[in-house]
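Remarks on the overall topology
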Amino acid sequence: MGEPITALPIVDEDACSGCGICVAQCPGLAIFIVDKTYSETEAAVSFPYEYFPLPEAGDGVNAVSRAGERVCDARVLKVMNPKSYNRTPVVTVAVPKDLADDVRSIRIITASR
Ligand code: SF4
C-alpha cells in the first residue's frame, strides 16, 4: 500500500522542471513555487488562488503570510487559469526577495476597505 495522501510530500529536485502544474493540481492547495532568480531585487511567488475577484497582471495587491497577515506590497505578474487547471487559478506575484519565504497569498486592495 502506498503513502497516505496526507503524508508530507517531498520534491525530487532532480526530476522537477518547475513547470508549476502541481500548484493547481494539489487537492490540498498546499503547493507553491518561489523563484528567487526572478530579478536582482525581487522574487516571484506562485500559489493557487480560488477567490473572486481574480487579480490581473499589473495589479498592485497586498502580499500576505500563510496566516493571512499583510507582509508587503506585491505586483501581480500573471494569472494562469487554463481549463486544465479545473478552476484553480495560479497567481504569480513579485515581492522583495527577502520576504519571499513569508509571502504565501494575496489580498486584493479595494477602494471601499
Ligand atoms: S508538476 Fe510540480 S513537481 Fe512536477 S515538474 Fe512540474 S513543478 Fe515540478
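Residues numbered from 1 in each chain as written. Predicted model: local features only at pLDDT ≥ 70, side-chain atom pairs only at ≥ 80, totals over all residues. Heavy atoms only, no water.

1. Some remarks on the pattern of salt bridges
Selection criterion: Think of a salt bridge as a Lys or Arg side-chain nitrogen and an Asp or Glu carboxyl oxygen that are within 4 Å of each other. Secondary structure elements are defined from DSSP: runs of H or I of at least 4 residues count as helices, runs of E of at least 2 residues count as strands, and each element is numbered from the N terminus. Burial classes: relative accessible area under 20% of the type maximum marks a residue as buried, over 50% as exposed, and values in between as partly exposed (1.4 Å probe, protein chains only).
Considering all chains together, one arrives at three salt bridges under this definition. Two residues, glutamate 42 and arginine 75, come together in a salt bridge whose shortest N-O distance is 3.0 Å. One end of the pair, glutamate 42, is in strand E2 (residues 42-48); the other, arginine 75, is in strand E4 (residues 70-80), with 33 residues separating them in the sequence. Looking at arginine 75, the relative accessible area reads 34%, which means it is partly exposed.

2. Examining the pairing of strand E3 (residues 60-64)
Stated formally: A strand pair is defined by DSSP finding two or more bridges across the two strands.
Of all five residues that make up E3, four are buried, and the element is covered over most of its length. Of the pairings in the sheet, the one linking E3 to E4 comprises five bridges and is antiparallel in character. Across the sheet, residue valine 64 finds its bridge partner in E4, namely arginine 70. Bridge count between E3 and strand E6 (residues 105-107): three bridges; the pairing is antiparallel. Paired with asparagine 62 across the two strands is arginine 107, which belongs to E6.

3. Topic: the sheet that holds strand E1 (residues 33-35)
Applicable threshold: Only the contacting stretch of a helix is used when fitting its axis, a line to C-alpha atoms as for every element, and angles between N-to-C directions run 0 to 180 degrees.
Strand order in the open sheet made by the six strands is E1-E2-E5-E4-E3-E6, with antiparallel pairing throughout. Two strands in the sheet have a free side with no partner beyond their single neighbour: E1 and E6. Direction aside, the axes of adjacent strands within the sheet are offset by 40 degrees on average. Relative to E2, E1 runs antiparallel, the two being bridged by three bridges. Considered in E2, the bridge of valine 34 is made with valine 45.

4. Regarding the site of the ligand
Under the convention used in this document: Note on terminology: near, applied to a residue and a molecule or strand, indicates that one of the residue's heavy atoms is within 4 Å of it. Each residue is assigned to one class: nonpolar for Ala, Val, Leu, Ile, Met, Phe, Trp, Tyr, Cys and Pro, charged for Asp, Glu, Lys and Arg, and polar for all the others, Gly among them.
As a matter of local geometry, the ligand sits amid Cys16, Ser17, Gly18, Cys19, Gly20 and Cys22. When the residues that make up the shell around the ligand are grouped by side-chain class, the tally is three nonpolar, three polar and no charged.

5. A closer look at the state of the cysteines
Cut-off, in case you're wondering: By definition, disulfides here are pairs of cysteine sulfur atoms that lie within 2.5 Å.
If you walk through the whole model with that rule in mind, you get zero disulfides. Note on cysteine 26: no disulfide assigned, nearest cysteine sulfur contributed by cysteine 22 at a separation of 8.0 Å.

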